[in-house]
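Letter by letter, the chains look like this.
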Amino acid sequence: MPLIERIQHLDEVRAWRGTIQLEGVYTAGVAGERWLRGLQEGKIYGTRCPRCRYTYVPARRFCERCLGPLGKDTWIEVGPSGTLVSWTRLHVAPDGTRQVPPRTLGLIRLDGADAVLVHELIDGQEWTSGMRVEAVFRPPAERSGSIRDLLGFRPLSP
Amino acid sequence: MAGRRVAIVGAGMTKFVRRALETGQELAWEAASKALESCEMTLDQIDAVVLGSAPDAFDGVHMKVEYLSPGAGAWGKPTIRGYVGGGTGVFAAIQGWYHIASGMFDTVLVVCEEKMSSCHPHPQAAFNYIFDHTLERPLGPNLLWIFALEMNAYMTKYGLTKRDIAMVAVKNKRNAADHPAAQLGDPHITIEDVLNSEVLAWPVQRLDVSPTSDGAVAIVMAAEHIARRVTNKPVWVEGVGWSLDTQYWTNRDLSYPTYVEEAARKAYAMAGIREPRKEIHIVEPYDPFDYKELHHLEGLLLADRGKAAELIALGIANRDGDMPVTPSGGLLGVGNPIAAAGLMKVAEIFWQLRGEAGKRQVPGQPRRGLAQAWGDLMQVGTVIILGI
Ligand SMILES: [Zn+2]
């Protein structure tokens, strides 16, 4: 029987509690800075590798397939509409509690892109893989240059 | 020499800086693409990738080598992480060597990256969690404790002064002034500057210590038949060695790095070197602290115990001396993005042996050099010997 099951109450053994306290301060990077500024302006950019004919979204500074640079001339606007590749509905939160109401996440291939973006699906509807969707941005005054400047995706209005 | 012959055929690095705008992926890409460019190879000519990086906590990404992999050209390739803490940079090159020596691969791209500026309040904070959780962490230890206790033990045993040791910091920071990628090169630094710098944990002062840095370095390694096609100046791996001391750091001989001697003896045996002081022409020992360069020179058997400081004092270790030590400027001068710093030392030997080190070039056409790093819980020694 595993040891952990024999210790029914942690207080019965001498135990020390410890936490690992570190904070991360991250940079978005050369491509990331520019990509997030684009979102703030309501635009979704990709970078297209001319050699591999592959368009990355979010935009990258280099092509992982050939390690070629993706400079300014490779930036193209993609979307804002695209196709839902797959979706899931989350009923349990990361801390183990019930997620009420549930959240829905999708993988979206934006028009003009090869790479696939993960983001929220704005709920209250039925989702099916293959359906057409479009990006919904926050109002300009609420944008901060973050992935959350995109509220998510909703079914493309016909 | 075990296995097939292996050469380094290309190298590239980013600048080492305090805080890079680039993401870790972008740093890795810059180094990897420069290394490939340097030998006019393309990614599709690479069989496998070795990616070295020290604790995940620095970049703040768990499984960070998987995160970094796009920048290192790992897409669709057999890829392995190299990780022995500070010893990683040299160990990653050793892994590249055995990938090829074994016959498994013909070409390997070795990339080492570290982005320490992500870690707050200070990268040292990540090291608070490497100690025994029950017996040491309640005392609030940090790495400086080890270094200060070790430096004091070393000074006491051999009667060395702070001034003897500060000469290393001066030499390396002056050497780094000639390195285009250096963070802390200073052609005018003096011993007094080191001795007057802020005391961190006696006897360790601010300028005895390397900085924290962001940066990446990459090398391209190839089997002999490829290497001879790619370049007319292949730099051969002649020997490698690595060894681990006890995790109970208080039990180590604090005045002598046994783990380095064990690693060095393996590497010398493989390279057929009997008299390292005559047969090694340039050396890049790991120098995160000035006293560690001395410590490591002794562990490498390149100086008698307690006598490495004389090599510095007599100018033998200068770039134009009989045995140049850390001609790059080292971690003290070029900077210390942990894993990348170790691989920078390997790259420096590569450039020096090819006569491509620019203003840093040591005279006399050196034919053999050694790079060494040190890490894990200050207990691993990693050594590589290169020759032309
Ligand atoms: Zn490409």
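What you see as residue numbers is a count from 1 along each chain, following the sequence as written. Following the order in which they are written, the chains are lettered starting with A and the ligands numbered starting with 1. Totals for whole chains, interfaces and linings use all residues, but because this is a predicted model, local features are given only for residues with pLDDT of at least 70 and pairs of side-chain atoms are given and counted only at 80 or more. Each side-chain value is derived from all of the structure's non-hydrogen atoms; neither hydrogens nor water enter the calculation.

Considering the overall build of chain B
Inference 1: The helix and strand labels rest on DSSP assignments: H or I over at least four residues marks a helix, E over at least two residues marks a strand, and numbering proceeds from the N terminus. Helix and strand counts for chain B come out as 14 helices and 12 strands.
Inference 2: Here chain B has a C-alpha radius of gyration of 19 Å; the compact-globule value for 388 residues is 21 Å, and the two agree.
Inference 3: Along the longest, intermediate and shortest principal axes, the C-alpha atoms of chain B span 50 × 45 × 40 Å.
Inference 4: Only heavy atoms enter the contact rule, under which two residues are in contact if any of them lie within 4.5 Å. The long-range fraction of contacts in chain B, counting pairs at least 24 apart against all pairs at least 6 apart in sequence, stands at 77%.
Inference 5: To be clear on the numbers: accessible area is Shrake-Rupley with a 1.4 Å probe, and residue cover counts the displayed protein chains and nothing else. Surface exposure of chain B reaches about 13600 Å², of which carbon and sulfur atoms provide 53%. Each radius of gyration is computed over the set of C-alpha atoms, and the globule rule expresses the reference value as 2.2 Å times the number of residues to the power 0.38.

What to know about the overall build of chain A
Inference 1: Looking only at helices and strands, chain A features 2 helices and 9 strands.
Inference 2: Seen in sequence order, chain A has helices and strands lined up from the N terminus as α-β-α-β-β-β-β-β-β-β-β.
Inference 3: Compactness check: chain A gives a C-alpha radius of gyration of 21 Å against a globular reference of 15 Å for 158 residues, more than 25% above the reference.
Inference 4: Over its C-alpha atoms, taken along the principal directions, chain A stretches across nearly 65 × 40 × 35 Å.
Inference 5: Of the contacts formed within chain A by residues at least 6 apart in sequence, a portion of 51% connects residues at least 24 apart.
Inference 6: If you sum the accessible surface of chain A, you get close to 9900 Å²; carbon and sulfur atoms cover 52% of it.

Considerations on the coordination of the zinc ion
Residues and elements named next belong to chain A.
Inference 1: Donor atoms (N, O, S) are those found within 2.8 Å of the metal centre, with the cutoff raised to 3.2 Å for Na, K and Ca; water is not part of the atom list, so apparent gaps in a site can occur. The protein atoms donating to the zinc ion are Cys 49 (SG), Cys 52 (SG), Cys 63 (SG) and Cys 66 (SG), with metal-donor distances spanning 2.3 to 2.4 Å.
Inference 2: Square planar and octahedral assignments, for four and six donors respectively, both demand that opposite donors be over 155 degrees apart and that all other angles lie between 65 and 115; tetrahedral needs four donors with all angles between 85 and 135 degrees, and anything else is irregular. Note that the zinc ion binds 4 donor atoms; their angles at the metal cover 107 to 115°, and the shape is tetrahedral.
Inference 3: Read from N- to C-terminus, the donor residues coordinating the zinc ion fall into the pattern C-x2-C-x10-C-x2-C. Taken as a pair, Cys 52 in the loop between β2 (45-49) and β3 (54-56) and Cys 66 in the loop between β3 and β4 (75-77) lie far apart in primary sequence, 14 residues in all.
Inference 4: Burial here depends on accessible area, computed with a 1.4 Å probe over protein chains only, as a share of the maximum for the residue type. Under 20% is buried, over 50% is exposed, and the range in between is partly exposed. Residue Cys 52 is classed as partly exposed on the basis of its relative accessible area, which comes to 27%.
Inference 5: Since its relative accessible area comes to 15%, Cys 66 is described here as buried.

Concerning the sheet that holds β4(A)
All names here are of chain A.
Inference 1: Any two strands with at least two DSSP-identified bridges between them are counted as paired. The 3 strands are arranged β3-β2-β4 in an open sheet whose pairing can be described as antiparallel. Bordering the open sheet on either side are β3 and β4, each of which pairs with just one other strand. The sheet shows a mean angle of 40° between the axes of neighbouring strands, taken without regard to direction.
Inference 2: Note: β2 against β4, 3 bridges, orientation antiparallel. Each bridged residue has a counterpart across the sheet, and for Thr 47 the counterpart in β4 is Trp 75. To define axes, lines are fitted to C-alpha atoms, for helices over the stretch in contact only, and angles between the resulting N-to-C directions are given on a 0 to 180 degree scale.

Remarks on the pairing of strand β9 (residues 235-244) of chain B
All names here are of chain B.
Inference 1: Counting buried positions along β9 gives 8 out of 10 residues, so the element sits mostly inside the fold.
Inference 2: As paired elements, strand β1 (residues 6-13) and β9 share 2 bridges and run antiparallel to each other. Residue pairing across strands places Ala 7 opposite Trp 236, the latter belonging to β9.
Inference 3: Of the pairings in the sheet, the one linking β9 to strand β12 (residues 380-387) comprises 8 bridges and is antiparallel in character. Of the residues in β12, the one forming a bridge with Trp 236 is Gly 387.

Digging into the UniProt feature "domain: Thiolase C-terminal" (unreviewed entry) in chain B
Inference 1: UniProt positions are given in the numbering used here, feature names are shortened, and annotations may be inferred rather than shown by experiment. The UniProt entry lists residues 250-387 of chain B under the feature "domain: Thiolase C-terminal" (unreviewed entry), expressed in the numbering used here.
Inference 2: As a span, residues 250-387 of chain B carries 40% helix and 14% strand, and end to end its C-alpha atoms are 37 Å apart.

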